[in-house]
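Coordinates in review
Residues per chain, in single letters:
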Amino acid sequence: MKKIIYSIAIMILLTACGEKIMHKADLVLLNGKIVTMDDNNPEGEALAIKGDKILAVGSADEIKEYIGDSTNVIDLKGKFVMPGFIESHAHFMGLGEFKMNLDLTHAKNWDEVIAEVAKAAENSRPGEWILGRGWHQEKFDPKPEPSVEGYPVHNELSRAVPNNPVILEHASGHAVFANAKAMELAGINNSTLNPNGGRIVRDSLGNAIGVFEENAADLIYNVYQEYRNKKTPQQIRNERVKQIQLASQECLSKGITSFVDAGEPFEIIDLMKELVDSNKIPIRLYVMINDSLKYLKSRLKDYKIIGAGNYHLTVRSIKKYVDGALGSRGAWMLEPYSDLPNYFGSNVTPINELKQTAELAINNDFQVCIHAIGDRGNREVLNLYENIFNEHPNKKDLRWRIEHAQNVTPEDVPRFAKLGVIASMQTCHCTSDAVFVIERIGENRAKSEAYVWRKLINSGALICNGTDAPVEDVNPIPNFYSAVTRKTSDGKAFFPEEKMTRIEALKSYTINGAYASFEENIKGSLTPGKLADIVVLSNDLLNCPENEIQNTKVMYTIVGGKVLFSANDKQ
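This write-up is about the structure you can find in this document. Every residue gets a number counted from 1 within its own chain, in the order that chain's sequence is written. pLDDT decides what is reported in this predicted model: residues at 70 or higher carry local features, side-chain atom pairs at 80 or more are listed and counted, and totals for whole chains, interfaces and linings draw on all residues regardless. Hydrogen atoms and water are omitted, and side-chain values are computed over all heavy atoms in the structure.

Focus: the environment of Met 500
Structurally, Met 500 can be placed in the loop between α17 (476-485) and α18 (502-508). With relative accessibility at 3%, the residue Met 500 sits in the buried group. Met 500 has contacts with Thr 427, Trp 453, Arg 454, Ile 457, Ile 463, Ala 483, Val 484, Ala 505 and Ser 508, leaving out every residue within four places of it along the chain. By definition, any uninterrupted DSSP run of H or I lasting at least four residues is a helix, any uninterrupted run of E lasting at least two residues is a strand, and each is numbered from the N terminus. Accessibility here uses a 1.4 Å probe with only protein chains present; expressed as a share of the type maximum, an area under 20% marks a residue as buried, one over 50% as exposed, and anything in between as partly exposed. Whether two residues touch is decided by their heavy atoms; if any such pair falls within 4.5 Å, the residues are in contact.

Written as structure tokens, this is what we have:
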């Protein structure tokens, strides 16, 4: 009997030792402040990773038990650790393209824009298109003269660049500026009609000034596409692959481990799937399909992708637009714009088409994500969702979203939580747009319905956060600062009663983003068993002085247990 007991004891000991050996970590982070976003274990000092999963979070002494001979150990020296940022609404290919073209976000006035374009023309062949993005007429100092509705007129730019067609996308992405050469190629004249859901901005004589809002931008883009069609398929593919590489690098350097791409056509998704299957996209993508209703009807059933490439690509949602942007007066409003009487903005996609898309989505178990910025745009989308939900009472846990939700009336705020609609918002839009919001819609509307995060959170709604890059810088740090301060560049707070707490802001960038993508069981918190997607920051975002938040640097970005960015490599 003693021999049997001894044998059993030895077996138990060997099994325990074997388990301990098996549990040695590949990577250990020691001596940090770890904020997990997991309510069951909110903080720790150290963290162990095995493979691509989190093994354990605890005290430094507890985690040291997981260190073996081959474990890579990083001494954090007190640095702040949190789940990797989840960018819940931005444009992945657009971000990559932005890195390849003229960056006009820093242009202080129209003269600087012209100078940038003229410089690019010097290095371009005649007839070669020049592309840029980021200008905003409301942020120019001095204001452009001559101007129409605050927009500059093309004449000066056209004189400076006469031989190259130019497309300069508005910072919002909802208007473009074209020079005379581009308009000539597009056949724009005084008799050209406004397309549905778009507007050609004209002077008092009926001449196009160069600005094309919303769907009118297609008049210019269509002729540019003809130019692009002359490139070989390999040239186009190489451009797209480069865009993906540049966007990936930019995200990793900013601590972003997951990226919700707010709309790509089927052909881009095909390329992404190919690259993910070859392990050539380092961050995790959740991609909304943005394609015509015709193609959605014929192809949607073949494009539901869940966790391809070890959770590097998921496709299970559809992106549509109900209106435009506030800066270009394209947001669909219940009352006229304060600075453009009798104008209510644009309904860019007919409601009936949105209804058909929503029915197609719910019948194929796809999430719907509709861009809505104006108060009427948001109301129309909420009405649409409510009607669809009522027609399909057996469909549960749909997590349909409204992208932006920038202007929501007090009457419509409670409907988000009641319907289970996610408010996918970009807190940096508040502080970036604040310079013109009151001018556009007046102080009363701005106070009661513009970027009402506090009202939405208090009503029970879930907010996920992002930047809408390349509309704004994809960097989460200034976006977090906007969420918790609502301060503009001059230090003034825009209706500060609507700001988030710091923990709410972190949740909007982590676990809430994971939930909004149906992925809260695999990421969004530093919980054992979840994917080891982590960012290490120089400052404690929960406790550092407010004026230090924007000085925060990304020290490490870890995706699936692998360090893919290190600030040390940049020094």
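Examining the packing of helix α8 (residues 233-253) against helix α9 (residues 266-277)
Packing of α8 against α9 brings their axes to within 11 Å, and their N-to-C directions diverge by 65°. As judged from the angle between their axes, α8 and α9 are roughly perpendicular. For the pair α8 and α9, the crossing hand works out as right-handed. Touching Arg 237, Arg 240, Val 241 and Ile 244 of α8 are Glu 267, Ile 268, Leu 271, Met 272, Glu 274 and Leu 275, all from α9. Side-chain classes follow a simple rule in which Ala, Val, Leu, Ile, Met, Phe, Trp, Tyr, Cys and Pro form the nonpolar group, Asp, Glu, Lys and Arg form the charged group, and the remainder, Gly included, forms the polar group. Taken together, the residues of the contact of α8 with α9 sort by class into six nonpolar, no polar and four charged. Fitted lines through C-alpha atoms serve as axes, helices being fitted only where they are in contact, and the angles separating the N-to-C directions of these axes extend from 0 to 180 degrees. Geometric relationships in this document are graded by angle, where less than 35 degrees denotes roughly parallel, more than 145 denotes roughly antiparallel, 65 to 115 denotes roughly perpendicular, and other angles denote oblique. Note on convention: near helix rotated counterclockwise from far helix by under a right angle means a left-handed crossing. Clockwise means right-handed.

A closer look at the pattern of salt bridges
In the sections that follow, a salt bridge refers to a side-chain nitrogen of Lys or Arg positioned within 4 Å of a carboxyl oxygen of Asp or Glu. Tallied over the entire structure, the rule returns 35 salt bridges. Among the ionic pairs, Arg 240 bridges to Glu 267, the shortest N-O distance being 3.5 Å. Linking Arg 240 in helix α8 with Glu 267 in helix α9, this pair joins segments that are 27 residues apart in sequence. On the accessibility criterion, Glu 267 (47% relative accessible area) is partly exposed. For Asp 397, the salt bridge is made with Arg 399, and the minimal N-O distance between the two is 2.9 Å. Residue Asp 397 is classed as partly exposed on the basis of its relative accessible area of 48%. A network of salt bridges, in which partner residues are shared, links Lys 99, Glu 250, Lys 254 and Asp 473.

A short note on the pairing of strand β15 (residues 198-202)
In terms of residue burial, β15 counts as a mostly covered element, since four of its five residues are buried. Being paired, for any two strands, means DSSP has found at least two bridges between them. Of the pairings in the sheet, the one linking β15 to strand β16 (residues 208-214) comprises four bridges and is antiparallel in character. Bridge assignment links Ile 200 to a residue of β16, and that residue is Phe 212. As consecutive antiparallel partners, β15 and β16 are separated by five residues, and within that stretch Gly 206 has a phi angle of approximately 90°, a positive value.

With respect to the sheet that holds strand β13 (residues 166-170)
Reading across from one edge, β9-β10-β13-β14-β16-β15 is the order of the six strands in this open sheet, with mixed pairing throughout. Since the sheet does not close on itself, it has two edges, and those belong to β9 (102-103) and β15, each with one partner. Where β13 lies against strand β14 (residues 175-178), three bridges are found, and the strand directions are antiparallel. Its bridge partner lying in β14, Ile 167 is registered against Ala 178.

What to know about the layout of surface pockets
Whether a set of points on the 1 Å grid over the protein atoms alone is a cavity depends on a 1.4 Å probe fitting there but being unable to get out, while an open set qualifies as a pocket with protein on both sides within 12 Å along at least five of seven lines; lining residues are those with an atom within 4 Å of a point. Grid points are joined across faces, edges and corners, and a volume is the space filled by probe spheres set on the points. Put simply, the second largest pocket is a space of about 1,100 Å³. Lining of the second largest pocket is provided by 50 residues; of these, Lys 139, Ser 432, Val 471, Glu 472 and Asp 473 occupy positions nearest its centre. Tallying contributions element by element places helix α15 (residues 427-449) first for the lining of the second largest pocket, with seven residues. For the lining of the second largest pocket, the class distribution of residues is 19 nonpolar, 20 polar and 11 charged.

Quick word on empty space enclosed by the protein
Tallied over the entire structure, the rule returns two cavities of 30 Å³ or more. For the lining of the largest cavity, the per-class residue count stands at two nonpolar, four polar and two charged. In this structure, the second largest cavity spans a volume of roughly 30 Å³. In terms of lining residues, the second largest cavity is bounded by Ile 86, Ser 258, Phe 259, Val 260, Arg 284, Leu 285, Tyr 286, Ser 517, Glu 519 and Lys 523. Mapped onto the lining of the second largest cavity, the elements with two or more residues apiece are β17 (256-264) and β18 (284-289). When its residues are assigned to classes, the lining of the second largest cavity shows five nonpolar, two polar and three charged.

Describing the packing of aromatic side chains
The rule is short: rings of Phe, Tyr and Trp, with Trp giving its six-membered ring, pair when the centres are within 6.5 Å, and they are stacked under 30 degrees, edge-to-face over 60, tilted in between. Counted by the stated rule, this structure contains 16 aromatic pairs. Seen in terms of ring centroids, Trp 110 and Phe 140 are 6.3 Å apart; in terms of plane orientation they differ by 50°. Their pairing is tilted. Taken together, the residues span a long stretch of sequence, with Trp 110 in helix α4 (residues 110-122) and Phe 140 in the loop between β10 (130-135) and β11 (147-148) at a distance of 30 residues. Of the two residues, Trp 110 and Phe 140, neither departs from the other in class, the shared state being buried.

A word on the sheet that holds strand β27 (residues 562-566)
Taken in spatial order, the six strands of this open sheet run β3-β2-β7-β25-β26-β27, and their pairing is mixed. Taken across any chain shown, the strands that pair with only one partner, and hence form the sheet edges, are β3 (43-44) and β27. Across four bridges, the pairing between strand β25 (residues 534-537) and strand β26 (residues 554-559) is antiparallel. From the neighbouring strand, Val 535 faces β26, where its bridge partner is Thr 557.

Describing the side chain of Asp 261
Positionally, Asp 261 belongs in strand β17. Within the buried core, Asp 261 has no salt-bridge partner, and the shortest N-O distance to an opposite charge, that of Lys 319, equals 7.8 Å. Excluding anything up to four places from it in sequence, Asp 261 contacts Ala 90, His 91, Phe 92, Met 93, Met 272, Tyr 286, Val 287 and Met 288. His is not counted, nor are the chain ends, whereas Lys and Arg count as positive and Asp and Glu as negative.

Describing α15
Its 23 residues place the ends of α15 only 14 Å apart at the C-alpha level, less than the 33 Å of an ideal helix rising 1.5 Å per residue. At Gly 442, α15 shows its strongest bend, of approximately 110°. Just beyond α15, the residue with positive phi is Tyr 451, at close to 55°. For a helix, the expected span equals 1.5 Å multiplied by the residue count minus one. Two axes enter the bend calculation: one fitted to the seven residues ending at the residue in question, the other to the seven starting there, and the bend is the angle between them.

Quick word on the nonpolar core
Within the largest apolar cluster, 124 residues are counted, with the highest numbers of intra-cluster contacts made by Leu 326, Tyr 385, Trp 400, Phe 416 and Leu 541. The element that contributes the greatest number of residues to this core is α9, accounting for seven residues. For Tyr 385, the contacting residues outside a window of four places in its chain are Val 368, Cys 369, Ile 370, Trp 400, Arg 401, Ile 402 and Val 421. Listed in part, the 23 residues of the second largest apolar core include Val 113, Ile 114, Val 166 and Ile 209. As used in this record, nonpolar core signifies buried Ala, Val, Leu, Ile, Met, Phe, Trp, Tyr and Cys residues forming a set joined through side-chain atoms within 4.5 Å.

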